[in-house]
Amino acid sequence: MLRRSLLAGSAGLLAAPFVAPSVKAQGRTEIQFWYGLGGALGERVAEQVQRFNESQSRFRVNASFRGSYVEVMTGAIAAWRAGTPPHIGQVFEVGTATMMAAGPAIRPVYELLGEAGIELDPRRYLPGVRGYYSDTQGRLISMPHNSSSALMWINLDAFERAGLSTTRLPRTWAEVREAARRIRERGAAQMAATTAWPTWVMYEQMSAIHDVGLATRANGFEGLDAEMNLGHPFFLKQTSMLLEMQRAGDFTYGGRDGAGGAAFPAGQAAISFNSSAGRAQVERDARFRWASVVLPHHDDVIASPRNGVIGGASLWVFTARNRTAEEYRGIAEFFRFISDVEQDKWWHQVTGYVPLTFAAYEASRAEGYYERNPGADAAITQLSRAEPTPNSQGFRLGGFVEIRNIIQEELERGFQGQQDAATAMANANRRANVVLRNFERANRRT
Amino acid sequence: MRRKVIFPGTALPYLLLAPQLAITAVFFFWPAGEAVWYSFLRQDAFGISTQFVGLENFQDLFADPLYLQVVRNTLVFSVSVTAIAMSVALLLAVLADRHIRGRETYRTLLIWPYAVAPAVAAVLYIFLFHPNIGLFGRALNGMGVAWDYRLNGDQAMLVVVLAAAWKQVSYNFLFFLAGLQSIPRSVLEAAAIDGARPVRRFWTVVFPLLSPTTFFLLVINLTYAFFDTFGIIDALTKGGPANATQTLIYRAYIDGRVNLDLGSSSAQSVVLMVAVMVLTLFQFRFIERKVHY
């Protein structure tokens, strides 16, 4: 009867038989790499791994798709508890705090590279990317892998039908609201505006861009005792605006997480907010002229917006009792390989993720990639247009997956008309603080 | 009444039982025991630091108004799924039991949905009810009904109940059909000769004789609604909007696997385990008495 609740015990038990112990196959050291990108993006991961394997004969990286980001992370954690973790696990950015708090379970990347004698200057990486995955001393803890940022996607045909300019696109929220109102009034699209990833776009990105902390203690970078800051007037303003737009019919809630993203390439939504990594899909599916631009800001809050934050995932090195120095060496070599300018540039251009390094960005620009693909550099601009402040370097909040869901739930209650913006933010703040305190208690090392 | 087989000695019966007992021990008692133990602990995701916190996980749970809402959701969900799945299946079984042309085909078609995986069933329902891409969803909106299960909690509950019940109808149908076929013709003919009309024959003769099947299905359906509907909810609504379709099992999954809070998740599993034990006990104690074998 309790098949579904064999959570603790069986997770490890089930994971165990699938993990081949690291063996030397044909004289090569095997490195297990679990990732969570499906479809076309997953194929690109496999392609890059194959290139690494062909580039040398000492190591073989064995990449396997393990389901969603959540499944990769929980699977790898369960496997670590059972003593058979993969060498490398791809963990999404919201899992960062949980991984950082995992002390003996992970090996920081700067340590790993240091032991292998590989020098990777953290300053090679884009600030928004580097900051998210570094400790307070600026040392890389995990390896940047696939990073995106949120962008505003605009259906230019719908704008034209509404009589809006297709060259001077909205830059502020006031302009977005005005455009959405016109689109609704002229019936230029089924939905005026919608969003994917409601928490990530409307709260995390907006908090960074407007330099207002989502939480205290530099968004948790300075300690586990951070508290949520959703009671700040800025978040009230942002929430009120969304609720007002929805009530007027200018904004349509598209569902949690990525669910709202489908309406834009289908031509149903005139304005959409979604990850820059959605570019490949839009290019393939959109039967209309479109543009991707940086996110709007409230010009009455900040005159020149700060940098946005990243989304996506990074690569974590798991420890295990029987790991050999040679295996760690193999992991380090793989990390060096994917940071290589040619590799990084290729990854950026075929996936739509931002390049990890400045060098790959420069190389792409030099070969005219952004002239051929206008808007492909909007995410990079947004990530690097300002030096990150403590409020815009990223988030290191324990239980962040849960916090994201809490914000989505309270926002939904607002959209349902069950509560106003102030109550929504107060509830989200209170519930998220409980999560933070529980995480603090569970992870306090004495 | 029941035939007993007498084994010489005790070794053979234990040996024959051993595989089943071993499976029960490994896949039920061991994890269930672990869940009980973990429910008293507070741990980080990796199990690096562990504290014994006594009943605190349970106290937190029952002090959480959202958890109480989840209990209510689960009751509404389970009762609705069971009622719909069983009544529709009974109706279909009665219809398919009659002498009609092509009844083998009907039967086969009715059994099909059982082979559909929960997540696939959910996707089918998305294609039916999604307000933008769904067949009915678009039609409803076209008729002026404000249909959007992504934001309307009651509509979301309706969709997950329909999807979960639809999947279970086939299973119930099979058992009801077998039950109907095992009712002796002579009893029905006797009732007909006495002048009982079909509806009356059904309620006074057929339905009581079906009661063992109905009782069995009641237990199975409630268990299904409690434990096996997770995939449907996950793919359709993820427990939303707000917490409108979050059930006990779904929340235990979210807290354990997604939020990595094993203590709370284990406490919820223990609560579920106790609830189902009480429910089953209650059913056998009070409802089974009314069942005619």
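What counts as what
Residues numbered from 1 in each chain as written. Chains lettered and ligands numbered in written order. Predicted model: local features only at pLDDT ≥ 70, side-chain atom pairs only at ≥ 80, totals over all residues. Heavy atoms only, no water. Helix = DSSP H or I, 4+ residues; strand = E, 2+ residues; numbered from the N terminus. Buried < 20%, exposed > 50% of the residue type's maximum accessible area, 1.4 Å probe, protein only. Contact = heavy atoms within 4.5 Å. Axes fitted to C-alpha atoms, helices over the stretch in contact; angles between N-to-C directions. Parallel < 35°, antiparallel > 145°, perpendicular 65-115°, else oblique. Left-handed = near helix turned anticlockwise from the far one by under 90°. Nonpolar A, V, L, I, M, F, W, Y, C, P; charged D, E, K, R; others polar. Buried area = accessible area lost by both parts, 1.4 Å probe. Salt bridge = Lys/Arg side-chain N within 4 Å of Asp/Glu carboxyl O. Polar contact = N/O pair within 3.5 Å; in protein donor to acceptor, adjacent residues only side chain to side chain. Domains from an automatic or database assignment. Core = buried A, V, L, I, M, F, W, Y, C linked by side-chain atoms within 4.5 Å. Phe/Tyr/Trp six-rings, centres within 6.5 Å; stacked < 30°, edge-to-face > 60°. Pairing = 2+ DSSP bridges. Right-handed = clockwise from strand over helix to strand, strands pointing away. Expected span 1.5 Å × (residues − 1).

Engineer: Could you clarify how one ought to interpret the overall build of chain B in this entry?
Structural biologist: Helix and strand content of chain B: 12 helices and 2 strands. Order of helices (α) and strands (β) in chain B, N terminus to C terminus: α-β-β-α-α-α-α-α-α-α-α-α-α-α. When its C-alpha atoms are laid out on the principal axes, chain B stretches across 75 × 75 × 30 Å. In chain B, buried positions account for 46% of the 293 residues. Of the contacts formed within chain B by residues at least 6 apart in sequence, a portion of 65% connects residues at least 24 apart.

Engineer: I tried to follow the packing of helix H3 (residues 65-97) of chain B against helix H9 (residues 198-227) of chain B on my own but got confused; where do I start?
Structural biologist: Working note: a packed helix pair is described by the angle between its axes plus the distance between those axes. All names here are of chain B. Here H3 crosses H9 at 140°, and the two axes come no closer than 10 Å. It follows from the interaxial angle that H3 and H9 lie oblique. Both H3 and H9 take part in a crossing whose hand is right-handed. Two secondary-structure elements touch here, H3 through Thr74, Phe77, Ser78, Val81, Thr82, Ala85, Met86, Leu90 and Val94 and H9 through Phe202, Phe207, Leu210, Thr214, Leu217, Leu218, Asn221, Leu222, Tyr224, Ala225 and Phe226. Counted by class, the contact of H3 with H9 contains 15 nonpolar, 5 polar and no charged residues.

Engineer: Quick question: what am I supposed to make of the interface of chain B and chain A here?
Structural biologist: Counting residues at the interface gives 46 residues for chain B and 45 residues for chain A. For the pair chain B and chain A, the two sides together bury roughly 4,300 Å², of which 59% comes from carbon and sulfur. Applying the counting criterion to the chain B and chain A interface returns 1 salt bridge. The partner of Arg441 of chain A in a salt bridge is Glu56 of chain B, and the shortest N-O contact between them spans 2.6 Å. Put simply, chain B and chain A have 14 residue pairs in polar contact (both at pLDDT 80 or more) between them. Within the residue set of the side of chain B that touches chain A, elements represented by two or more residues are helix H1 (11-38), strand S1 (41-43), H3, H9, helix H11 (248-258) and helix H12 (262-287) of chain B. Within the side of chain B that touches chain A, the residues separate by chemical class into 22 nonpolar, 14 polar and 10 charged.

Engineer: Any chance you could explain unusual backbone geometry here in plain terms?
Structural biologist: Both trends apply: most residues other than glycine have a negative phi, and most peptide bonds are in trans. All names here are of chain B. In this structure, Pro241 follows Gly240 across a cis peptide bond, with omega equal to -5°. Tracing the sequence through the fold places Pro241 in the loop between helix H10 (230-236) and H11. A positive phi angle is found at Ala242, which is not glycine, with a value near 50°. Position of Ala242 among the secondary structure elements: in the loop between H10 and H11.

Engineer: Explain the domain arrangement of chain A to me, please; I cannot follow it from the model alone.
Structural biologist: Residue and element names in this part refer to chain A. Structurally, chain A comprises domain 1 (8-148 + 310-384) and domain 2 (150-307 + 398-443). Look at where the C-alpha atoms of domain 1 and domain 2 centre, and you get two points 28 Å apart. On the side of domain 2, 24 residues touch domain 1, which itself brings 25 residues to the contact. Where domain 1 abuts domain 2, roughly 1,800 Å² becomes buried across the two surfaces, and 56% of that area is made up of carbon and sulfur atoms. Ranking the residues of domain 1 by area buried against domain 2 places Val94, Ser148 and Gln382 at the top, with a combined share of 32%. Counting every contact that joins domain 1 to domain 2 gives 1 salt bridge.

Engineer: Even after reading the chapter, I still don't get the environment of Val81 of chain B, so can you show me in this structure?
Structural biologist: Residues and elements named next belong to chain B. Along the chain, Val81 falls in helix H3. The exposure class of Val81 is buried, given its relative accessible area of 0%. When the C-alpha positions of Val81 and Val169 are compared, they lie 9.7 Å apart, and in sequence the two are 88 residues distant. Apart from the residues lying within four places of it in its own chain, the contact partners of Val81 are Val161, Ala164, Ala165, Tyr224 and Ala225.

Engineer: Is there a simple way to explain the nonpolar core in this structure?
Structural biologist: Judged by nonpolar contacts, the single largest core of 183 residues is most densely connected at Ile183, Ile271, Phe334 and Phe335 of chain A together with Leu236 of chain B. Domain assignment of the residues forming this core places at least three in each of domain 1 (8-148 + 310-384) and domain 2 (150-307 + 398-443) of chain A. The residues contacting Ile271 of chain A, other than those within four sequence positions of it, are Met152, Trp153, Phe159, Val176, Ala179, Ala180, Ile183, Ala192, Ala193 and Thr194 of chain A. Membership of the second largest hydrophobic core comes to 13 residues, among which are Phe58, Leu61, Leu248 and Val271 of chain B.

Engineer: Before we go on, may I ask you to explain the packing of aromatic side chains in this structure?
Structural biologist: Geometrically, a pair of aromatic rings is defined through the distance of the ring centres and the angle of the planes. Residue and element names in this part refer to chain A. This structure, assessed with the given rule, holds 41 aromatic pairs over all chains. Aromatic side chains Trp153 and Phe264 sit 6.3 Å apart centroid to centroid with 55° between the ring planes, which places their arrangement in the tilted category. Residue Trp153 is located in strand S6 (residues 150-155), and its partner Phe264 is located in the loop between helix H11 (233-248) and strand S8 (269-275); the two are separated by 111 residues in the primary sequence. Among the residues examined, Trp153 registers a relative accessible area of 2% and is labelled buried.

Engineer: What's the story with the pairing of strand S3 (residues 59-65) of chain A in this structure? I'm lost.
Structural biologist: Looking along a regular strand, one sees the side chains alternate between the two faces of the sheet. All names here are of chain A. Here strand S2 (residues 28-35) runs beside S3; their pairing, made up of 7 bridges, is parallel. Across the sheet, the residue bridging to Ile31 is Val61, located in S3. Regarding topology, helix H2 (residues 39-55) serves as the crossover connection from S2 to the parallel S3, and that connection is right-handed.

Engineer: What am I meant to see in helix H18 (residues 400-415) of chain A here?
Structural biologist: Because each turn of an α-helix spans 3.6 residues, side chains separated by three or four positions in sequence point in the same direction. Residue and element names in this part refer to chain A. The end-to-end C-alpha distance of H18, which contains 16 residues, comes to 22 Å, matching closely the 22 Å that a straight helix rising 1.5 Å per residue would cover. Burial analysis of H18 places 15 of its 16 residues in the buried class, the great majority of the element. Just beyond H18, the residue with positive phi is Gly417, at close to 85°.

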